[in-house]
Amino acid sequence: SYAAVDLEWLGSSSGIMQIGGLSAGEGNVISGNSGDAILLNGRGQTVENAIIQGNVIGLGADGATILGNGGAGIRLLATQFAGALVTNTLIEGNTIAGSQFGIYATGNVSANIIQNNNFGTNAAGTLNFGNLGAGIYFESSVGGKNPDNNTIQGNRIAYNQNTGISLAGGSG
């Protein structure tokens, strides 16, 4: 069966937390959820050193069947409370398709690396499994918390029904 991963730190987290991996058999299939597949939510604290690697998000285990998520494939959220921060997260080698957004990052999200992922397509880049929104979406939040110093490199972004990468401002 498929299960969402919802991680909300209620205290500061400075250890390494890993979801999946790049070696055979280490990745997860996280699909068919009504909300986000993976949520990193600071809730007023710092979430750092997370590693999200080698997962298939929004597709079946065969990598060829759409089982999209109702929310983002991966959501980085640091807006709800003062002091919220999501930082030093590595998102690498994932296939994220068929969801509302591939990655949706809001607020005080900084110094994260998004590299070598597939957005809106299968792992080979040959099939149209576009996300409904952008492949990667960064947004500042009300109150002026802005994503900064993030690295986006080496990704395959295709077939999304909106932009490949969107950088949007907030209000306030």
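See above for the structure.
Along every chain, residues carry numbers that run from 1 in the direction the sequence is written. Owing to the predicted nature of the model, reporting of local features is limited to residues with pLDDT of at least 70; listing and counting of side-chain atom pairs is limited to 80 or more, with chain, interface and lining totals taken over all residues. For side-chain calculations, the full set of non-hydrogen atoms in the structure is used, while hydrogens and water are omitted.

A. How the structure looks around the overall build of the chain. Here a helix means four or more residues in a row that DSSP labels H or I, a strand means two or more in a row labelled E, and each is numbered from the N terminus. A count of helices and strands for the chain gives zero helices and 19 strands. Buried positions account for 47% of the 172 residues belonging to the chain. A total of about 7300 Å² of accessible surface is found on the chain, and carbon and sulfur atoms cover 47% of it. Throughout, exposure labels follow a simple rule: accessible area from a 1.4 Å probe, protein chains only, divided by the maximum for the residue type, with under 20% read as buried, over 50% as exposed, and the rest as partly exposed. Here the Shrake-Rupley method, with its probe set to 1.4 Å, supplies the accessible areas, and only the displayed protein chains count as covering residues.

B. Spatial organisation of the sheet that holds strand S13 (residues 109-110). Strands sit in the order S5-S9-S13 across an open sheet of three strands; the sheet is parallel. Edge positions in the sheet fall to strand S5 (46-48) and S13, since each has one partner strand and no second. Strands pair, by our definition, only if DSSP identifies at least two bridges between them.

C. Examining the sheet that holds strand S15 (residues 118-119) more closely. What the five strands build is an open sheet, ordered S3-S7-S11-S15-S18; its pairing is parallel. The open sheet has two edge strands with one neighbour each: strand S3 (29-30) and strand S18 (156-157). Looking at chain direction, strand S11 (residues 95-96) and S15 are connected through two bridges and run parallel. Its bridge partner being in S15, Ile 96 is matched across the sheet by Phe 119.

D. Seen up close, the side chain of Asn 117. Looking at the element boundaries, Asn 117 is found in the loop between strand S14 (113-115) and S15. Take Asn 117: its relative accessible area is 1%, and that puts it in the buried class. We call two N or O atoms a polar contact when they sit within 3.5 Å, provided that within protein one can donate a hydrogen and the other can accept it, with sequence-adjacent residues counted only if both atoms are side-chain atoms. A polar contact is formed between the side chain of Asn 117 and the backbone nitrogen of Gly 93, at a distance of 3.1 Å. At a separation of 3.0 Å, a polar atom in the side chain of Asn 117 contacts the main-chain carbonyl oxygen of Gln 115. Beyond its immediate sequence surroundings of up to four residues, Asn 117 is in contact with Ile 91, Glu 92, Gly 93, Asn 94, Gly 154, Asn 155 and Arg 156. Two residues qualify as a contact provided that any one of their heavy atoms is within 4.5 Å of a heavy atom in the partner residue.

E. A look at the environment of Tyr 104. By the element assignment, Tyr 104 lies in strand S12 (residues 101-107). For Tyr 104, a relative accessible area of 13% puts it in the buried group. A sequence separation of 35 residues divides Tyr 104 from Glu 139, and the C-alpha atoms of the two residues are 7.9 Å apart. Discounting chain neighbours no more than four positions away, the residues touching Tyr 104 are Ala 72, Ile 74, Arg 75, Leu 76, Tyr 137 and Glu 139.

F. Summary view of unusual backbone geometry. For Ala 111, which is not glycine, the phi dihedral falls at a positive 60 degrees. Tracing the chain through its elements places Ala 111 in the loop between S13 and S14. At Asn 116, a position not held by glycine, the phi torsion is positive, near 55 degrees. Mapped onto the elements, Asn 116 comes out in the loop between S14 and S15. What makes Asn 116 partly exposed here is its relative accessible area of 43%.

G. Main features of the nonpolar core. Counting 23 residues, the largest nonpolar core has Ile 74 and Leu 76 as its most contacted members. Among the elements of the structure, strand S4 (38-41), strand S6 (50-53), strand S8 (72-78), S12 and strand S16 (136-139) are those that each provide at least two residues to this core. Counting residues per element, this core draws most heavily on S8, at three residues. In terms of nonpolar packing, the next biggest core, distinct from the first, is built from five residues, Ala 72, Tyr 104, Ala 134 and Tyr 137 among them. Only buried residues count toward a nonpolar core, which is a set of Ala, Val, Leu, Ile, Met, Phe, Trp, Tyr and Cys residues joined through side-chain atoms within 4.5 Å.

H. Region of the structure containing the environment of Gly 98. Tracing the sequence through the fold places Gly 98 in the loop between S11 and S12. Here the alpha-carbon distance between Gly 98 and Gly 120, two residues 22 residues apart in the chain, equals 6.6 Å. Among residues more than four places away in sequence, those in contact with Gly 98 are Ile 66, Gly 68, Asn 69, Phe 129, Gly 130 and Asn 131.

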